[in-house]
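Listed here are the chains, written in short residue letters.
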Amino acid sequence: MASLPNSVDAALRQRAARVVPGGMWGHLNAAKLPDGYPQFFARADGCRLWDVDGNAYVDLMCSWGPIVLGHHHPKVEEAVRRQAAAGSCMNGPGAVMVELAERLVATIAHADWAMFQKNGGDATTTCVTIARAGTGRRKVLVARGSYHGSAPWCSPSVVGVTAEDRAHILHFDYNDIASLEAAVDQAGADLAAIIVTAFRHDLARDQALPTAAFAARVRQLCNAADAALILDDVRAGFRIHSAGSWEPLGVRPDLSSWSKAIANGHPLAAVTGNDRFREAAAAVFVTGSFWCEASSMAASLATLEAMAEEGAIDRMTAMGQRLRDGLAQLSSASGVAIRQTGPVQMPMVLFDDDADFRKGELFCATALRHGAYLHPRHNMFLSAAHREADIDRVLAAAEKGFAAVRGAG
Ligand code: PMP
């Protein structure tokens, strides 16, 4: 993505290019936003976002997931201020660690215990380490194309990664029971874990909910092998069901990874687990300089409370449905066909006959100029701060986007 010429954003990118390799790392490069998208932001409030050039957007990325109640939620920020004023990064955790673990154990159906980290990748990697410790085995089954973080065992890139880093990773296709069974056979007596995302939310691909049969089979196969079922709820966690995203399916994991929405934008991740893996979780060595930091834990407690008080999941679902219905209407009125997949609170919008994403990029770049921040190939996120009027602004911007795509076709 290139910024607009002569913008503050362009000047910052030029400076960044000299002192930051490639000017930016990771997903902001890999997920390829269209030209005109800003890289740098000045402020955010509720579901609004302002870039460094002063342009305002209704935000449908929610910081790639963490903002679940809206930016600057008063109760969350107050809890953070209070904890920070008392002390945050100390020689050990605050009492809030125990309160938060108790809260997660009470809220998350499969959880008998919880541990805390910083990023989603810390949590997924910790789950894999605990699964291997608890089973004494090595093989981990990962769905092809599922994202679990940037560590060498799971990075979507092979640059700087050795074959040995992946020596014990085997693949299957999400929702494909035959491929799952084949991978389990291949792992044989060395199967430590099957790790799955809450639903298929791969980049640049239609989303797919897990079938009941697939989820049940994952559980059965783990039971039969006494291996760990790891549910990676980093992206979907607290947007589908507060007790865990597979709770509506009646399938409980042994270990779950959480991050993103857990603390409404404050840096926190968690692993929850059942008693089968308690001893292993106590035995492994996992830690980080900031993993005890108390203010993000206070943020998490306040976030979980506010989500329950505000009925956040219901709100996101209602606003997501309004968006989906509105986009469907605009699509049929303009004659530009789209596919909307996955849960409405985590929308993915892809265009038919758009292998090179030219339509999606034109649509998003146009909507951006009209004040809506959308993504052409990554799933988007609703928050509990979105109101009808915000969705209607997004739809007004999307109407311009559809007109541009129709005009270009
Ligand atoms: N698992 C899933 C399902 C994710 O979506 C992500 C982040 N997009 C991660 C793990 C890694 O999280 P993080 O970027 O915080 O390390």
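Please read all numbers here as calculations on a predicted model, not as lab measurements.

Draft legend 1. Spatial organisation of the overall build of the protein chain. Across its full length, the protein chain carries twelve helices and 13 strands. When its C-alpha atoms are laid out on the principal axes, the protein chain stretches across 60 × 55 × 45 Å. Going through the 409 residues of the protein chain one by one, you find that 55% of them count as buried. For the protein chain, the exposed area adds up to about 17300 Å²; of that, 53% sits on carbon and sulfur atoms. Counting 39 positive and 43 negative side-chain charges, the protein chain places the centres of these two groups 3 Å from one another.

Draft legend 2. Broad picture of the sheet that holds strand β1 (residues 41–45). Sheet architecture is open: four strands sit in the order β1-β2-β3-β13, paired in mixed fashion. Of all strands in the sheet, those with a lone pairing partner are β1 and β13 (372–373), marking the two edges. Pairing geometry for strand β2 (residues 48–51) and strand β3 (residues 56–59), over three bridges, is antiparallel. Residue pairing across strands places leucine 49 opposite tyrosine 57, the latter belonging to β3. Here helix α12 (residues 388–408) sits on the sheet and contacts β2, β3 and β13; the angle it forms with β3, its principal contact strand, is near 110°.

Draft legend 3. Representation of the domain arrangement of the protein chain in the model. Examined at the domain level, the protein chain breaks down into domain 1 (8–60 + 311–408) and domain 2 (74–310). Put simply, the middle of domain 1 and the middle of domain 2, counted by C-alpha atoms, are 27 Å apart. With 23 residues of domain 1 in contact, the opposing surface of domain 2 contributes 20 residues. In total, about 1700 Å² of surface goes out of reach between domain 1 and domain 2, with carbon and sulfur atoms giving 61% of it. The interface formed by domain 1 and domain 2 holds one salt bridge in total. A salt bridge links aspartate 206 to arginine 339; the shortest N-O distance between them is 2.8 Å. At the boundary of domain 1 with domain 2, the tally comes to twelve residue pairs in polar contact (both at pLDDT 80 or more). Looking at the side of domain 1 that touches domain 2, the elements that each hand over two or more residues are α10 (312–334), β11 (338–341) and β12 (348–351). Element by element, the count of residues in the side of domain 1 that touches domain 2 is highest for α10, at four residues.

Draft legend 4. Fine view of helix α7 (residues 212–225). Its 14 residues give α7 an end-to-end C-alpha distance of 20 Å, which sits within 8% of 20 Å, the value for a rise of 1.5 Å per residue. If you check which residues of α7 are buried, you get Phe214, Ala215, Val218, Arg219, Leu221 and Cys222. In a view along the axis of α7, the buried residues occupy a sector of 165°, so they form one face of it. Every exposed residue of α7 that faces more than 90 degrees away from the buried side is listed here: Ala212 and Ala224. Directly after α7, the chain includes aspartate 226, whose backbone phi takes a positive value near 55°.

Draft legend 5. Structural context of the side chain of histidine 378. Relative to the helices and strands, histidine 378 is located in the loop between β13 and α12. Relative accessible area serves as the criterion here: at 10%, histidine 378 is assigned to the buried category. Polar contacts involving the side chain of histidine 378 include one to the side chain of arginine 235, which spans 3.5 Å. Histidine 378 has contacts with Met61, Trp64, Leu203, Arg235 and Met348, leaving out every residue within four places of it along the chain.

Draft legend 6. Fine view of the environment of alanine 56. Residue position: alanine 56 is located in strand β3. Here the alpha-carbon distance between alanine 56 and alanine 123, two residues 67 residues apart in the chain, equals 34 Å. Beyond its immediate chain neighbours, meaning those up to four positions away, alanine 56 contacts Leu49, Trp50 and Gly371.

Draft legend 7. Expanded view of the site of the ligand. Around the ligand, the structure places Asn119, Gly120, Gly121, Tyr147, His148, Gly149, His201, Asp232, Val234, Arg235 and Lys260. In this structure, a nitrogen atom belonging to the ligand sits 2.6 Å away from a side-chain N or O atom of aspartate 232. A total of 390 Å² of accessible area belongs to the ligand in isolation, and the protein chains cover 83% of it.

Draft legend 8. Molecular detail of the sheet that holds strand β10 (residues 269–273). Strand order across the open sheet formed by seven strands is β4-β10-β9-β8-β7-β5-β6, with mixed pairing between neighbours. Pairing within the sheet leaves two strands with one partner each, and these edge strands are β4 (113–117) and β6 (169–172). Here the strands of the sheet are splayed against their neighbours by 20° on average, with no regard to which way each runs. Across the sheet, helix α6 (residues 177–187) lies against β5 (139–143), β6 and β7 (191–197), angled at about 160° from β6, the strand it touches most. The strands touched by α7 within the sheet are β6, β7 and β8 (228–232), with β7 carrying the most contacts at an inclination of about 165°.

Definitions and cut-offs
Residues numbered from 1 in each chain as written. Predicted model: local features only at pLDDT ≥ 70, side-chain atom pairs only at ≥ 80, totals over all residues. Heavy atoms only, no water. Helix = DSSP H or I, 4+ residues; strand = E, 2+ residues; numbered from the N terminus. Buried < 20%, exposed > 50% of the residue type's maximum accessible area, 1.4 Å probe, protein only. Areas by Shrake-Rupley, 256 points an atom, 1.4 Å probe, with all protein chains shown as cover. Lys, Arg positive; Asp, Glu negative; His and termini not counted. Charge placed at Lys NZ, Arg CZ, Asp CG, Glu CD. Pairing = 2+ DSSP bridges. Contact = heavy atoms within 4.5 Å. Axes fitted to C-alpha atoms, helices over the stretch in contact; angles between N-to-C directions. Domains from an automatic or database assignment. Buried area = accessible area lost by both parts, 1.4 Å probe. Salt bridge = Lys/Arg side-chain N within 4 Å of Asp/Glu carboxyl O. Polar contact = N/O pair within 3.5 Å; in protein donor to acceptor, adjacent residues only side chain to side chain. Expected span 1.5 Å × (residues − 1). Arc of directions from axis to C-beta. Near = heavy atom within 4 Å.

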